[in-house]
Amino acid sequence: MKKFLTKISVALLLVFALHALAGFFAGGKTDEYYLRFTGHQQNSLVIGSSRAAQAMVPSVFEQYKDQLNYEGPMYNFAFTALSSPYGELYLQKIKEKLNPSVSNGLFILAVEPYSIAIQKTEDKNFKLPETKNVLSKTHDVNSTPNYEYLIRNYNKGWGHLFLEHFGMTTNEMVLQSDGWLEVIVPMDSVSIAKRTKGKVKNHQGSIGEYELSPMRVEYLEKTISFLLKHGKVCVVRLPISKAIYDIEKQILPEFDQVIQGVVSKMNVPYNDLNGASALFQYKDGHHIGHESAFDCSDSVARWVMELKMER
Amino acid sequence: MLFNSLEFAIFLPIVFALFWFVAGGRTRLQNAILLVSSCVFYMFLIPEYILILFLAIVIDYFAGIWLERTEGKKRKWILILSIVSTCLILFVFKYYNFFIDNYNGISKFLGWNYSIDALKIALPIGLSFHTFQSLSYVIDVYKNEQKAEKDFLTYSVYVMFFPQLVAGPIERARNLFPQFHRKKIFDYEQAADGMRQLLWGLFTKVVIADNCAILVDTIFRQYEMESGSSLWVGAALFSIQIYCDFSGYSNMALGIAKLFGFNLMQNFNYPYFSRDMAEFWRKWHMSLTTWFRDYVYKPLGGSRGGKWISVRNTFIIFVVSGFWHGANWTFVAWGFLNAVYFLPLLLMGKNRQNTGMIAEGRMLPNFKELVGMSITFLLATIAWVFFRAENMTVAFSFLKKMFSMSAFTAPSYRDWILGLFILAFLMIEWFGRTKQHALDVSHLVAWKRRSVYIAVFAGLFFYAVYNSNQFIYFQF
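Residues numbered from 1 in each chain as written. Chains lettered and ligands numbered in written order. Predicted model: local features only at pLDDT ≥ 70, side-chain atom pairs only at ≥ 80, totals over all residues.

1. Looking at the overall build of chain B
And step 1. Looking only at helices and strands, one finds 17 helices and 0 strands in chain B.
And step 2. Over its C-alpha atoms chain B spans a radius of gyration of 23 Å, differing by no more than 12% from the 23 Å that the globule rule assigns to 476 residues.
And step 3. In terms of principal-axis extent, the alpha carbons of chain B reach across some 70 × 65 × 45 Å.
And step 4. Within chain B, contacts between residues at least 6 apart in sequence are counted, and of these 74% link residues at least 24 apart. (Helix = DSSP H or I, 4+ residues; strand = E, 2+ residues; numbered from the N terminus. Rg over C-alpha atoms; globule rule 2.2 N^0.38 Å. Contact = placed C-beta atoms within 7 Å.)

2. Some thoughts on the sheet that holds strand 3 (residues 105-110) of chain A
All names here are of chain A.
And step 1. The strand order across the open sheet built from 5 strands is 2-1-3-8-9, with neighbouring strands paired in parallel fashion. Each end of this open sheet is capped by a strand with a single partner; those strands are strand 2 (74-76) and strand 9 (270-272). Pairs of neighbouring strands in the sheet enclose a mean axial angle of 20°, with direction left out of account.
And step 2. Looking at chain direction, strand 8 (residues 231-237) and strand 9 are connected through 3 bridges and run parallel. Across the sheet, Val235 pairs through a bridge with Tyr270, a residue of strand 9.
And step 3. Where helix 11 (residues 214-228) meets the sheet, it contacts strand 1 (44-47), strand 3 and strand 8, and its direction lies at approximately 145° from that of strand 8. (Pairing = 2+ DSSP bridges. Axes fitted to C-alpha atoms, helices over the stretch in contact; angles between N-to-C directions.)

3. Quick word on helix 7 (residues 173-181) of chain B
Structurally, the α-helix is built with 3.6 residues per turn, so residues lying three or four positions apart point the same way.
Residue and element names in this part refer to chain B.
And step 1. Here helix 7 has its buried residues at Ala173, Leu176 and Phe180. Projected onto a plane normal to the axis of helix 7, the buried residues spread over an arc of 85° and lie on a single side.
And step 2. Those residues of helix 7 that are buried are in contact with helix 2 (27-43), helix 5 (127-142) and helix 6 (152-160). (Buried ≥ 20, exposed ≤ 12 C-beta atoms within 10 Å, placed from the backbone. Arc of directions from axis to C-beta.)

4. Quick word on the pairing of strand 1 of chain A
Residues and elements named next belong to chain A.
And step 1. Residues of strand 1 alternate between two faces, with Ser44 and Val46 on one and Leu45 and Ile47 on the opposite face, all of them buried.
And step 2. Direction of pairing for strand 1 relative to strand 2: parallel, over a ladder of 3 bridges. Paired with Val46 across the strands is Asn76, a residue of strand 2.
And step 3. Relative to strand 3, strand 1 runs parallel, the two sharing 3 bridges. By the bridge assignment, Val46 is partnered in strand 3 with Ile108.

5. A word on the environment of Ile106(B)
Residues and elements named next belong to chain B.
And step 1. With respect to the helices and strands, Ile106 occurs in helix 4 (residues 74-109).
And step 2. According to the C-beta neighbour criterion, Ile106 is exposed, with 10 such atoms within 10 Å.
And step 3. The spacing of Ile106 and Tyr466 is 360 residues in sequence and 43 Å in space, taken between C-alpha atoms.

6. Quick notes on the domain arrangement of chain B
Residue and element names in this part refer to chain B.
And step 1. Taken domain by domain, chain B comprises domain 1 (6-185) and domain 2 (189-275 + 354-475).
And step 2. Each of domain 1 and domain 2 has a C-alpha centre, and the two are 29 Å apart.
And step 3. Counting residues at the interface gives 16 residues for domain 1, matched by 16 residues for domain 2.
And step 4. Put simply, the parts of the chain that give the side of domain 1 that touches domain 2 at least two residues each are helix 1 (6-22) and helix 7.
And step 5. The element contributing the most residues to the side of domain 1 that touches domain 2 is helix 1, with 3 residues.
And step 6. For the side of domain 1 that touches domain 2, a count of residues per class yields 9 nonpolar, 5 polar and 2 charged. (Domains from an automatic or database assignment. Nonpolar A, V, L, I, M, F, W, Y, C, P; charged D, E, K, R; others polar.)

7. Quick word on the nonpolar core
Among soluble globular proteins, nonpolar side chains are generally buried collectively.
And step 1. Ranked by size, the top nonpolar core spans 115 residues in total, and within it Tyr158(B), Met160(B), Trp384(B) and Phe386(B) carry the most contacts.
And step 2. Of the residues forming this core, the biggest block, 18 residues, is contributed by helix 9 (residues 228-259) of chain B.
And step 3. Sequence-distant contacts of Trp384(B), defined by excluding residues within four places in its chain, comprise Ala235(B), Phe238(B), Ser239(B) and Ile242(B).
And step 4. Formed by 76 residues, the second largest nonpolar core is a distinct cluster that contains Leu35(A), Ala53(A), Leu220(A) and Leu273(A). (Core = buried A, V, L, I, M, F, W, Y, C linked by C-beta atoms within 7 Å.)

8. Considerations on the interface of chain A and chain B
In many reports, interface size means the accessible area that the parts give up when they come together.
And step 1. On the chain B side, the residues contacting the 12 residues of chain A number 14 residues.
And step 2. Of all the secondary-structure elements, those providing two or more residues to the side of chain A that touches chain B are helix 1 (2-23) and helix 9 (159-165) of chain A.
And step 3. A breakdown of the residues in the side of chain A that touches chain B according to their chemical character gives 6 nonpolar, 4 polar and 2 charged.

9. Quick word on helix 15 (residues 392-402) of chain B
Residue and element names in this part refer to chain B.
And step 1. Of all the positions in helix 15, only Phe398, Lys401 and Met402 are classed as buried. Around the axis of helix 15, the buried residues are gathered within 105° of arc, so they sit on the same side. Relative to its buried face, helix 15 has exposed residues pointing more than 90 degrees away, namely Thr393 and Lys400.
And step 2. At its buried positions, helix 15 is contacted by helix 9 and helix 14 (367-388).

10. Observations concerning the packing of helix 1 of chain B against helix 2 of chain B
Residues and elements named next belong to chain B.
And step 1. In contact at an axis separation of 9 Å, helix 1 and helix 2 are set at 165° when each is read in the N-to-C sense. Here helix 1 is positioned roughly antiparallel relative to helix 2, judged by the angle of their axes. As for how helix 1 packs across helix 2, the hand of that crossing is right-handed. From helix 1, Phe11, Val15, Leu18 and Phe19 reach across to helix 2, where they touch Gln30, Ile33, Leu34, Ser37 and Phe41.
And step 2. Tallied by class, the residues present in the contact of helix 1 with helix 2 amount to 7 nonpolar, 2 polar and no charged. (Parallel < 35°, antiparallel > 145°, perpendicular 65-115°, else oblique. Left-handed = near helix turned anticlockwise from the far one by under 90°.)

Here you go:
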């Protein structure tokens, strides 16, 4: 027994040490979320789903930092519609990610039908999608390396962390240190059309499947209310292709009315960028293209600047 | 709890320590620890389903004792009562909705205005496995081939022994009971071999099977948009996936059992190195095929009543075996197709022509063996399409496309790293084919042994997938 335990212990110790070391090599290529669970608390945040994660480039806001007059740096803390719709969990994580002492932050809140809706179901055991996803599975959002995140969410052998770090893997997605999710995919018309076709089909399948969630609307208000204590809040609806926009009108017809009600009640500015949606290029109709992300961020930053001037 | 989960990585050393250090030498206490651990293991999934398992244990425990104490015709009725009660649980949870769906379909087709609601219940994990294990015990007692177990603790742990609780091997009482009664002495060689087998099982599951699954799932999900050649890639990868998934689980089960001093029956004997389908079925999921042989085929008359009785019985066991896997016509079709494959060999009396090890005493197979293996793999792959497809329509559409002209185009899926891993896996299996598991390298000198361990670990470290994929056979 002693011989067995000695050998097993040595082997396990080596395995453990190797994994502990690998954790230090985790970074922006690890997956589309990891980096957002590392580092320190932030002063200004982008909040929302995958649209915001890919469309809001914090470095663009940083260029206008003087004119915008906010406590930076700006940090993209948006995830996906399934992981970060407005709700108790997301608000909790925002509170943990935000530096509590900040009083002049800038907060860009992206809204879309999925972020304030809920799937229709008669299942009594139905659980909100975010309770099964990355935000609920990780307690600490400010730890480097974040072993808890890696253990619970990273689904490859940890040796892959070395390969990713040393550029030995091909990654379509790279999470930048400011939280922006850079997705580089072929942007030729055939590739875009193929991806858009799939997305449109998915969205069409959602028609009649969702309904407005008073709980989510309430938490959107609570999130705004919380962030107002720490700075300025701007609500945006990010641009999408017309095809998807039209489908979303069917998914949640009351969306505009509800959001107008929320922003009026909370007295925060709102901008629906879909009036200029033709100015941007989309990867799949739903997510803005890599290059257009800079233009979109620029549009939002300029809009916020205009608001400042109006004041 | 999954063997490839963090929870299990914590659970196993705790049980190991309790078993050997707290209860060391006290057999009943060791069995009690195994029982409690098995309950914890099972309750990680759906806790309340432990009650179903408990009910099945109580029924068959008392049925065994009752059978032993009874003589004459009454014994048959006790056996029937026990089988019906045990199978009723299986029927309600696994087959009720299948029959209701079919009844509703027929009812609608005939214009009857009467449908029955399906049950909204989840299938208890591994139900078919422990049901069959319990059945074999009661039938053996009835046939006076096994003494009834009087100790409720021992009987319970026989049904619930966690390494094989949810996906087999479907053990026999005559193999396991003596091991539960015997005093355990820690055997280094057995434990070391257990660790090797556990490592190999983990490798085949998380490196080979789960990487194959990524491509297989994509191809089967969007098969309508794929070329025939891509569908061949998907079907072939599924053949590899299901073998690595299930044999991986079995290897882990056998390896874990060895850590506690138990030897479970071998469940796979390198089936893809078979020269014909009869040999394949002697080597695939052996605990189930021998179960059907002993408790269905032989009682039906086996091959004693002439060729046609033998053909009839063969079809019965293959179709029932398919149905055992799942309440879906695709599984029935899979079983039927395998019976069709088996038929020519049976009719020509060649179903037992390949009973020895392939390429025995040689490093490589000869041409005839290679052709035999290739045809066997091809036939198995075609049959697996039914096993993997959601329904019969999908299965036929998939196969139709596999045999279309687009099969002669270049496939869209080319994962060279996975290909290399599969090649390495097949080579290790080939050179280890005479052993119970391919990673039995105990005969090698230390540095070679360690090199093998490092290579396998490197595969796990760099290429494993841990996406909570359940083992395919858990659903059965």
